[in-house]
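Summary of structural features
The primary structure of each chain is shown beneath.
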Amino acid sequence: MSTTSQQKTEANPTTTERITGSEAVVRCLIAEGVDLLFGYPGGAIMPVYDELYKYKDELHHVLVRHEQGATHAAQGYARASGRVGVAIATSGPGATNLITGVADAMIDSTPMVCITGQVPKDLLGSDAFQECDIIGVSIPVSKWGFQITEASEIPAVFAKAFYVAKSGRPGPVVIDITKNAQFGEFDFSYEPCTNISTYVPRPILKKEKLQEAADLINNAEKPYVLFGQGVILSEAEAELKALVEKAGIPSAWTIMGLSAMDTDHPLNVGMLGMHGNYGPNVMINQCDVMIAIGMRFDDRVTGNLSKFGKQAKVIHIEIDRSEIDKNVKTDVAIHGDAKEAMASLLPLIKEQQHESWLQEFRDCDQKEYEIVIKDECEPTDSTLTMGETIKKLNEVTGGNAIIVTDVGQHQMVACRYAEFRQSKSNITSGGLGTMGFGLPAAIGAKLGAPERDVICVVGDGGIQMTIEELGVILQTDVHVKILLLNNEFLGMVRQWQQLFFDKRYSATEMVNPNFQLIAKAYDIESNKVSERENLSDSLKKMIEHDGAYLLEVMVGKENNVFPMVPAGAAVADIRLE
């Protein structure tokens, strides 16, 4: 393509120009503002990769070591940057390897576009080499999907895909492109999608519902806000802060909502859920008005639904209509965007203080500190703990780092004890709970927010599920810090085996490799800590190192994460020990 024609197209994206489908794919991505994507090439997507080579100055491709890593990296990028993440793979196993990340993005509402190659149109349904009906496979776990069989379909499908992925409740979209569509030529022009007649991503707020909610809040004696990731996705952090401060409402977060409000805010009472804080869980059954904002009442938050906040009037602010009344019956449903809803609700709210109610949370905090936190974060024996490691990490980062966690005990400990001063700082696999998420997601997060420190907090089990992505660090020089909390167990499963299966540790003890030697093989600096006197300096060295770094901290093999709501129990039955 000539420089003149390229300039002409950039100046006017609707200008028609005859190009191949594979070039159209790349041009569509650029038109949507994409400058980075994660992927792995193969035969059925090779024409697109050929065009990526030609456009490499405008669209940077990160070569992952496994397609699942591409989706998790795209998720981390999206969550840290607020933009749509993009992953690309070939057909067959390349495409199916994306599915775990697609499902993870769907349940955690992460905007992502996944592009897969496919066999030529005339071979569809013939069980050709590396053919798989990826749209059929992905439909249950994606927001939308489409198989392109003609080159001319590409612009409209891509425009719709990006619009669907990032609008309303965000989610992953899958685009499957047959090889003939990649080779075919057509007259290309691109028009971004701004509307779909059958899709209403931003509902119109009902003023009467806002007033009903305001009346409940203004007359409440024990109001309680539960906020989730919807606050972050709608960029409603300022509105949340203004609302709870004006009404003086104690506020607790789901793990996906963590970092939407400063962790040291006086009205931030902590974490909800199975391993959340004592007060936030117990007070569910003490409040008289519950205001749920951008959260979906997941079972890990509610415990036994038949015993969850039955005494309270429930206000639910939620953009996804299907989540309203799905798990918890709502008294006032505000179907809409969290930012718009809270901004509209704020003028209707009276200025109040609920000091005695807030003090009840603080009394619970003191009880939790004495029974749980003191031993976890200020241990007196020689064994290092995950909690004290995260507390020491806070001292080094000042709460300004992005922390990406894998899944397991370390995840719950990091969410419980990490401090955050900025939004979009906690990145984790919440709904699907995907081990192996942490390392590739941290790589994506660092590329999405290069100016910030990004720390991957991971266990010895989870890191080995996607440890091959250290190759991305080697090749791309991504300055990710990896904090490996090693207890030589699949810790969360072991904890359940100890508490509920009479310590029958079936297939949970790990015989691990030398992680320092592995790091060295990938040219990554590393250190190992097993003594308390070396912990603070080692964490500081990790953060200050100019490059990627792996710090392995040996923690207690059979330490448990408390508090804990046992399966099937009410949240008020949370165990402190």
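Residues numbered from 1 in each chain as written. Predicted model: local features only at pLDDT ≥ 70, side-chain atom pairs only at ≥ 80, totals over all residues. Heavy atoms only, no water.

We now examine helix H12 (residues 237-247). Buried within H12 are the following residues: Glu237, Glu239, Leu240, Leu243, Val244 and Ala247. Looking straight down H12, one finds that the buried residues subtend no more than 165° of arc, so they occupy a single side. Residues of H12 that are buried make contact with helix H10 (207-218), strand E9 (223-227), helix H11 (229-233), strand E10 (251-253), strand E12 (289-293) and helix H15 (338-345). Positioned one or two residues after H12, glycine 248 has a phi angle of 60°, which is positive. (Buried < 20%, exposed > 50% of the residue type's maximum accessible area, 1.4 Å probe, protein only. Helix = DSSP H or I, 4+ residues; strand = E, 2+ residues; numbered from the N terminus. Arc of directions from axis to C-beta. Contact = heavy atoms within 4.5 Å.)

Turning next to the sheet that holds strand E20 (residues 549-554). Reading across the sheet, the six strands line up as E16-E15-E17-E18-E20-E19 and stay open at both edges, with parallel pairing between neighbours. Edge positions in the open sheet fall to strand E16 (426-427) and strand E19 (525-529), since each of these has one partner strand only. As judged from the two bridges shared by strand E15 (residues 402-405) and E16, these two strands associate in the parallel manner. Across the sheet, the residue bridging to isoleucine 403 is asparagine 426, located in E16. Sitting on the sheet, helix H23 (residues 535-544) is in contact with strand E17 (454-459), strand E18 (481-486), E19 and E20, with an inclination near 160° to E20. (Pairing = 2+ DSSP bridges. Axes fitted to C-alpha atoms, helices over the stretch in contact; angles between N-to-C directions.)

Let us now look at the packing of aromatic side chains. Taken as a whole and assessed by the stated rule, the structure comprises nine aromatic pairs. Seen in terms of ring centroids, phenylalanine 38 and tyrosine 77 are 6.2 Å apart; in terms of plane orientation they differ by 65°. Their pairing is edge-to-face. Of this pair, phenylalanine 38 sits in strand E2 (residues 36-39) while tyrosine 77 is found in helix H4 (residues 67-81), placing the two residues 39 residues apart along the sequence. Judged by relative accessible area, phenylalanine 38 falls into the buried class, the value being 0%. Exposure remark for tyrosine 77: the relative accessible area of 4% places this residue in the buried category. With a centroid separation of 6.1 Å and 80° between ring planes, the pair formed by phenylalanine 186 and phenylalanine 188 is classed as edge-to-face. Comparing phenylalanine 186 with phenylalanine 188 shows no difference in burial state: the two are buried. Lying over the aromatic face of phenylalanine 489, arginine 494 brings its terminal NZ or CZ to 5.8 Å of the ring centre. (Phe/Tyr/Trp six-rings, centres within 6.5 Å; stacked < 30°, edge-to-face > 60°. Lys NZ or Arg CZ within 6 Å of the ring centre and 35° of its normal.)

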